[in-house]
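Letter by letter, the chains look like this.
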Amino acid sequence: MIRLQLADLGAPIATGRTSEIYPLPGSVDRVVKLFLASIPEATSEAEAECEKTGLAAQAALTTVHGHGTVSVGDRAGLILDRMEGISLTSVAERNPLLIRRTARTLADLQIRMHEVAVPDLPEVRQVVLDTLGQPPLAFLSADELLAAKALVNALPEGDQLLH
């Protein structure tokens, strides 16, 4: 794991719901995806995402590869290949006339992703069941928790990639 200082990263080039993207110091073709401090177990999330990115690249679903994890103060992240351009959602936001086209492109990509078997990933039902017992879902009543577990257990087995 590489250790960096937040001051070394400069300003983020993108911000998402759970993370910020920074240019990797000393590199023109890699970025740091840094999870927000509020994300629980961010170190294990970064490690898992780095591994999953590699599996997706092996399955030819992305050209982006993970290049290890980073620690920035009390935050964790991973190093990824840098991609130029804007996101599909940004295309639609900038030009509403393109909403249908970008929605179709996104749907096609999702369908393609869900058709790919990736047997090396953790079984998704078990991941969800484990998540149901975590503090962020503590608001569920005992009956709601049992109902959620029953729904998850009723899902079919599979090894398709999910997003």
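Residues numbered from 1 in each chain as written. Predicted model: local features only at pLDDT ≥ 70, side-chain atom pairs only at ≥ 80, totals over all residues. Heavy atoms only, no water.

### Quick word on the overall build of the chain
Selection rule: Every helix listed is a DSSP run of H or I at least four residues long, and every strand listed is a run of E at least two residues long, numbered separately from the N terminus. Burial here depends on accessible area, computed with a 1.4 Å probe over protein chains only, as a share of the maximum for the residue type. Under 20% is buried, over 50% is exposed, and the range in between is partly exposed. Contact definition: two residues touch when any of their heavy atoms are within 4.5 Å. Note on areas: these come from Shrake-Rupley sampling with a 1.4 Å probe, and a residue is covered only by the protein chains present in the view. The positive count covers Lys and Arg only, the negative count covers Asp and Glu only, and His and the chain ends enter neither. Where a charge lies is defined by one atom per residue type, namely NZ (Lys), CZ (Arg), CG (Asp) and CD (Glu).
Across its full length, the chain holds 6 helices and 6 strands. Reading the secondary structure of the chain in the N-to-C direction produces β-α-β-β-β-α-β-β-α-α-α-α. For the chain, the spread of C-alpha atoms along the three principal axes comes to 50 × 40 × 30 Å. Buried positions account for 26% of the 163 residues belonging to the chain. Sequence-distant contacts in the chain: of pairs separated by 6 or more residues, those separated by 24 or more amount to 51%. By element, 57% of the accessible surface of the chain is carried by carbon and sulfur atoms, the whole surface being about 10900 Å². Charge centroids of the chain, computed over 14 positive and 21 negative side chains, lie 7 Å from each other.

### As for a nonpolar patch on the surface
Defined as follows: Like-charged residues within 9 Å of one another, or nonpolar side chains (Val, Leu, Ile, Met, Phe, Trp, Tyr) within 5 Å, are grouped into patches, provided each residue has over 30% relative accessible area and no salt bridge. We count a salt bridge whenever a side-chain nitrogen from Lys or Arg sits within 4 Å of a carboxyl oxygen from Asp or Glu.
Together, Val 124, Val 128 and Leu 162 make up a nonpolar patch on the protein surface, roughly 220 Å² of accessible area in all. Mapped onto the elements of the fold, Val 124 is located in helix α5 (residues 124-132). The class of Val 124 is partly exposed, set by a relative accessible area of 35%.

### What about the sheet that holds strand β5 (residues 66-72)?
What counts is decided by this rule: In this analysis, strands are considered paired if DSSP registers two or more bridges between them. As a rule, the C-alpha atoms of each element are fitted with a line to give its axis, helices using only the stretch in contact, and angles between N-to-C directions run from 0 to 180 degrees.
With respect to topology, 6 strands assemble into an open sheet ordered β1-β5-β6-β4-β3-β2, the strand pairing being mixed. Both outer strands of the open sheet, β1 (2-4) and β2 (14-15), are each paired with one neighbouring strand and no more. Bridge count for strand β3 (residues 19-23) against strand β4 (residues 30-35) is 5 bridges, and the pairing is antiparallel. Residue pairing in the sheet places Glu 20 in a bridge with Leu 34 of β4. Sitting on the sheet, helix α2 (residues 42-58) is in contact with β4, β5 and β6 (75-81), with an inclination near 15 degrees to β6.

### Digging into the pattern of salt bridges
Applying the stated rule across the entire model yields 7 salt bridges. Among the ionic pairs, Asp 81 bridges to Arg 30, the shortest N-O distance being 3.9 Å. Note that Asp 81 is positioned in strand β6 and Arg 30 in strand β4, a separation of 51 residues in sequence. One salt bridge in this structure joins Lys 33 and Glu 49, with 2.7 Å as the shortest N-O distance. Of this pair, Lys 33 sits in strand β4 while Glu 49 sits in helix α2; the two residues are 16 residues apart in sequence, bridging distant segments of the chain. Overlapping salt bridges, with partners in common, bring together Glu 123, Arg 125 and Glu 157 in one network.

### A closer look at the pairing of β5
Examined bridge by bridge, β1 and β5 share 3 bridges and lie parallel to one another. Bridge pairing in β5 links Ile 2 to Val 70. Both β5 and β6 contribute to a ladder of 5 bridges, which runs antiparallel. When the bridges of β6 are listed, Thr 69 appears paired with Leu 78.

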